[in-house]
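Observations on chain architecture
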Amino acid sequence: MTTVPIPADWPTTEDEARAVQDELRARVVLDEPGPPPGTGHVTGVDVAYDDARDVVAAAAVVLDAATLDVVAEATAVGRISFPYVPGLLAFREIPTVLAALDALPRPPGLVVCDGYGLAHPRRFGLASHLGVLTGLPTIGVAKNPFTFTYDAPAAERGASAPLLADTEEVGRALRTRTGVKPVFVSVGHRTTLPTACAHTLALTPAYRLPETTRRADALCRRALREAVGPGAEHPAPPHQD
DNA sequence: GCGACAG
DNA sequence: ATCTTGTCGC
């Protein structure tokens, strides 16, 4: 586990954060097919918070894309770098997630984020942002439709319907379990929507959510418990003479 | 102005 | 995200 400082140039205000998104958005790559599902490695990232104690823990878990076996994992903890503001989630999660990815002993391959990529008010969600900063192919798989609309896909696993911002398709509502609420898939960086959906289906042999996010979720919660729970190190109290 | 709103 | 036990159902 590694400890992360908040970058000195990290945005402080919502206006600054939106300006960063508007600036970085031009660097998103949307014309690459991305890695084929079922090959190489796929990495899930997730974050857990203790707002009262100002602690955030992130986890990155690398799976073999063919077997879904865990082949590597890493965690990082830090201070909360931004409040939760819809549309600015990335500023709350990214510093710690980057540290967890950096701590991995091997390349992550495709990164699966808990949230959105293109499906974002300014078309630059967490998955897009993480992709631009790392250069890695990324996708977003979210549990809620945010502000977007969709028609219910057919009941069978694999069915999908466009996720719409007005008339623009920004992602897909994808059924990963028959008869269960869909997940909401969008492109992050260096991959396409069909590939993102195929990866999502390959990662959901048993549950609604991808194995990547399930493993990362469990690991970052454990890292948070260990960081704030009994036996955790306390920083030396600052004082003046 | 008010409400909704990824995690 | 997080607060939180049992419970209904396959």
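Summary of the structure given here. Keep in mind it's a predicted model, so treat the numbers as computed, not measured.

Next up on the list: the pairing of strand 7 (residues 160–165). Alignment of strand 7 against strand 8 (residues 168–174), held across six bridges, turns out to be antiparallel. Its bridge partner being in strand 8, Leu 164 is matched across the sheet by Glu 169. The hairpin formed by strand 7 and strand 8 contains two residues between the paired strands, and Asp 166 there has a positive phi angle of roughly 55°.

For the rest of this paragraph, the subject is the pattern of salt bridges. Inspection of every chain in the model, using the stated rule, returns twelve salt bridges. In this structure, the salt-bridge partner of Arg 190 is Glu 32, at a minimum N-O distance of 3.0 Å. Of this pair, Arg 190 sits in the loop between strand 9 (183–189) and helix 4 (193–202) while Glu 32 sits in the loop between helix 1 (14–24) and strand 2 (41–50), and the two are 158 residues apart along the sequence. Owing to a relative accessible area of 28%, Arg 190 belongs among the partly exposed residues under this scheme. Accessibility expressed as a relative area gives 29% for Glu 32, which makes it partly exposed. Overlapping salt bridges, with partners in common, bring together Glu 14, Asp 15 and Arg 18 in one network.

Time to look at the nonpolar core. One broad trend across soluble globular proteins is that nonpolar side chains are buried collectively. The biggest cluster of nonpolar side chains holds 30 residues, and the ones touching the most others in it are Val 45, Val 97, Leu 101, Leu 104, Cys 113 and Leu 130. Considering each element in turn, this core owes the most residues, seven residues, to helix 2 (residues 90–102). Beyond its immediate chain neighbours, meaning those up to four positions away, Val 97 contacts Val 45, Val 47, Ala 58 and Leu 130. In this structure, Leu 68, Val 141, Leu 174 and Val 187 belong to the second largest nonpolar core, which totals 15 residues.

Conventions we followed
- Residues numbered from 1 in each chain as written.
- Chains lettered and ligands numbered in written order.
- Predicted model: local features only at pLDDT ≥ 70, side-chain atom pairs only at ≥ 80, totals over all residues.
- Heavy atoms only, no water.
- Pairing = 2+ DSSP bridges.
- Helix = DSSP H or I, 4+ residues; strand = E, 2+ residues; numbered from the N terminus.
- Salt bridge = Lys/Arg side-chain N within 4 Å of Asp/Glu carboxyl O.
- Buried < 20%, exposed > 50% of the residue type's maximum accessible area, 1.4 Å probe, protein only.
- Core = buried A, V, L, I, M, F, W, Y, C linked by side-chain atoms within 4.5 Å.
- Contact = heavy atoms within 4.5 Å.

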